[in-house]
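Below, each chain spelled out in residue letters.
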There are 2 protein chains.
Amino acid sequence: MAVEAKRPEDNVIYIGKKPSMAYVLAVITQFSDNKKEVTIKARGRAISRAVDVAEIVRRRFLNDITIKNIEIGTEERELEDKTKVNVSTISITLSK
Amino acid sequence: MAVEAKRPEDNVIYIGKKPSMAYVLAVITQFSDNKKEVTIKARGRAISRAVDVAEIVRRRFLNDITIKNIEIGTEERELEDKTKVNVSTISITLSK
């Protein structure tokens, strides 16, 4: 538990622009490493892919995984020209 | 209540390819029509827009609205050539 506390973000997978299966593999690896929970996070257009990843993990690979929590939110991001835009976020927590 | 029962899908907004604000307006209209709950549904890449719509409604327009429930799922769709593909879905229920 002490080691876990030093790496609180260890079981968080951030969804970017890679193919979904890259993130599916990352989630499966976390659970194989005896994590009880893995959280998938995404912003903006990657949100759809985050849902794909959660669904593929639990339907195709790890049938004992449940969706513990889903949260949505808004982050303010600053563009290169300093204007600020709001971007939606999602956080999907999978639990063994 | 009897009238409501005849139109069970009345307070469901399906997210398509229109700009987010079109759906934001649709959600606000439902709440103005005294609905206590409105559910936003989307599939595939429209999922990101569904999250945008929910966030814009509750942050910019209706601050008394809360997110009652978020569900994700998978639907099987048949393409024109009869092959079947899985598509992710989201359902976000907003409550007054």
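I will try to describe carefully the structure that is included in this document. In this text, all values refer to a predicted model and were calculated from it rather than measured experimentally.

We now examine the interface of chain B and chain A. Across the boundary between the two partners, chain B contributes 20 residues, which contact 20 residues of chain A. For the pair chain B and chain A, the summed buried surface comes to about 1,400 Å²; carbon and sulfur atoms form 63% of the total. If you sort the residues of chain B by the area they bury against chain A, Ser-48, Ile-70 and Ile-72 of chain B come out on top, with a joint share of 39%. Applying the counting rule to chain B against chain A returns zero salt bridges. Linking chain B to chain A there are 11 residue pairs in polar contact (both at pLDDT 80 or more). Counting residues per element, the ones that place at least two in the side of chain B that touches chain A are α3 (47–61), β3 (66–78) and β4 (84–95) of chain B.

Before going further, it helps to examine the pairing of strand β3 (residues 66–78) of chain A. Across 12 bridges, β3 of chain A lies against strand β4 (residues 84–95) of chain A in antiparallel orientation. When the sheet's bridge partners are listed, Arg-77 of chain A is paired in β4 of chain A with Val-85 of chain A.

So, on to helix α3 (residues 46–61) of chain A. Over its 16 residues, α3 of chain A extends 21 Å from the first C-alpha to the last, a length consistent with the 22 Å expected when each residue adds 1.5 Å. Listed as buried for α3 of chain A are Ala-46, Ile-47, Ser-48, Ala-50, Val-51, Val-53, Ala-54, Glu-55, Ile-56 and Val-57 of chain A.

Residue and element names in this part refer to chain B. Mapped onto the elements, Leu-94 comes out in strand β4. Residue Leu-94 is classed as buried on the basis of its relative accessible area of 0%. In the structure, Leu-94 is positioned 79 residues away from Ile-15 in sequence and 14 Å away in space, judged by C-alpha atoms.

Residue and element names in this part refer to chain B. By the definition in use, this model includes 12 salt bridges over all chains. Measuring nitrogen to oxygen at the nearest pair gives 2.6 Å for the salt bridge that ties Arg-59 to Glu-55. On the criterion of helical spacing, the pair formed by Arg-59 and Glu-55 is a turn pair, its members being four residues apart in helix α3. Classification of Arg-59 by relative accessible area gives partly exposed; the value is 46%. Since its relative accessible area comes to 2%, Glu-55 is described here as buried. The residue Lys-82 makes a salt bridge to Glu-78 at a minimum N-O spacing of 3.8 Å.

Another point: the packing of α3 of chain A against α3 of chain B. Orientation of α3 of chain A relative to α3 of chain B, taken along the N-to-C sense of each, is 115 degrees, at an axis distance of 6 Å. On the basis of the axis angle, α3 of chain A is roughly perpendicular to α3 of chain B. Of the two elements, α3 of chain A crosses α3 of chain B, and the hand of that crossing is right-handed. Contact with α3 of chain A, carried on its side by Ile-47, Ser-48 and Val-51 of chain A, involves Ile-47, Ser-48 and Val-51 of chain B of α3 of chain B and no other residues of that element. Of the residues contributing to the contact of α3 of chain A with α3 of chain B, the split by class is four nonpolar, two polar and no charged.

As a further point, take the nonpolar core. In terms of nonpolar packing, the biggest core is built from 50 residues, with Ile-90 and Ile-92 of chain A together with Ile-90 and Ile-92 of chain B touching the most fellow members. Element by element, the count of residues in this core is highest for α3 of chain A, at eight residues. Look past the residues within four positions of Ile-92 of chain B in its chain and what remains in contact with it is Ile-72 of chain A together with Val-38, Thr-39, Ile-40, Ala-50, Val-51, Ala-54, Ile-67, Asn-69 and Ile-70 of chain B.

Cut-offs and rules
Residues numbered from 1 in each chain as written. Chains lettered and ligands numbered in written order. Predicted model: local features only at pLDDT ≥ 70, side-chain atom pairs only at ≥ 80, totals over all residues. Heavy atoms only, no water. Contact = heavy atoms within 4.5 Å. Buried area = accessible area lost by both parts, 1.4 Å probe. Salt bridge = Lys/Arg side-chain N within 4 Å of Asp/Glu carboxyl O. Polar contact = N/O pair within 3.5 Å; in protein donor to acceptor, adjacent residues only side chain to side chain. Helix = DSSP H or I, 4+ residues; strand = E, 2+ residues; numbered from the N terminus. Pairing = 2+ DSSP bridges. Expected span 1.5 Å × (residues − 1). Buried < 20%, exposed > 50% of the residue type's maximum accessible area, 1.4 Å probe, protein only. Axes fitted to C-alpha atoms, helices over the stretch in contact; angles between N-to-C directions. Parallel < 35°, antiparallel > 145°, perpendicular 65-115°, else oblique. Left-handed = near helix turned anticlockwise from the far one by under 90°. Nonpolar A, V, L, I, M, F, W, Y, C, P; charged D, E, K, R; others polar. Core = buried A, V, L, I, M, F, W, Y, C linked by side-chain atoms within 4.5 Å.

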